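# Secondary and tertiary structure notes
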Amino acid sequence: MNRTIVFEPVGTGEDAVSASESLKLAIYPLIKGEYATSTGEVFSIGRVDGNDFIMPDYAISKKHALIEIKREGYFLRDCGSTNGTLLNGARLQTKPVEVHDRDVISFARYEFMFLSAESLYTMLKQP
């Protein structure tokens, strides 16, 4: 099934936040989705059902990128997406590249910071 998930703006009136802004205000843990089709230690990112993290935007490819979880660390790989995957501003190819704490990952026009549990905890403790 290729259903689109609609994000409603957060708030009303002048306080309203657009769908793209809503994505910026959240924390996304690397947890397998209930209906994900990827197996093993792979976290998939894309626009349609079957991905672990679904980004309902046509700038995101159906199967945009993968984060592979290995003993040595986390590795990011673009899946031939139309609008690209960037790691700290550098466009990735299909070869996996290691991701480190506080690296900036971009999928098309969306930007995320990759945080270890320790870094997240430290950020949440700050006033």
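Everything discussed here concerns the structure shown above.
It should be emphasised that the depicted structure is a prediction, and the values quoted were computed from it without experimental measurement.

What counts, and at which threshold
For every chain, the first residue of the written sequence is number 1, and numbering continues from 1 onward in sequence order. A pLDDT threshold of at least 70 governs which residues receive local features in this predicted model, and a stricter bar of 80 or more applies before side-chain atom pairs are shown or counted, although totals over entire chains, interfaces and linings include all residues. Remark: hydrogens and water are excluded; side-chain values derive from all non-hydrogen atoms of the structure. Whether two strands pair comes down to DSSP finding at least two bridges between them. Numbering of helices and strands runs from the N terminus; a helix is a DSSP stretch of H or I covering at least four residues, while a strand is a stretch of E covering at least two. Between 30 and 60 degrees the pair is tilted, below 30 it is stacked and above 60 it is edge-to-face, where a pair is any two Phe, Tyr or Trp rings, Trp via its six-membered ring, whose centres lie within 6.5 Å. Under the scheme applied here, a residue whose accessible area is under 20% of the maximum for its type counts as buried, over 50% as exposed, and between as partly exposed, the area being computed with a 1.4 Å probe on protein chains only.

Glancing now at the sheet that holds strand β6 (residues 90-91). The pairing of strands in a sheet happens through backbone hydrogen bonds and is either parallel or antiparallel. Pairing is antiparallel across the open sheet formed by four strands, whose spatial order is β6-β5-β8-β9. Lying at the two open borders of the sheet, with one neighbouring strand each, are β6 and β9 (110-113). Strand direction decides the pairing type here: strand β5 (residues 85-87) and strand β8 (residues 104-107), joined by three bridges, are antiparallel. From the neighbouring strand, L87 faces β8, where its bridge partner is I105.

To continue, consider the packing of aromatic side chains. All chains considered together, the criterion is met by three aromatic pairs. Their ring planes at 80° and their centres at 5.9 Å tell us that F53 and F112 sit as a pair that is edge-to-face. Of this pair, F53 sits in strand β2 (residues 53-54) while F112 sits in strand β9, and the two are 59 residues apart along the sequence. Both residues of the pair, F53 and F112, count as buried. Arranged with centres 5.1 Å apart and planes meeting at 65°, the rings of Y74 and F114 form a pair that is edge-to-face. Taken together, the residues span a long stretch of sequence, with Y74 in strand β4 (residues 73-78) and F114 in the loop between β9 and α2 (117-125) at a distance of 40 residues. Note on Y74: relative accessible area 33%, which makes it partly exposed. In this structure an aromatic cluster arises from ring pairing among F53, F107 and F112.

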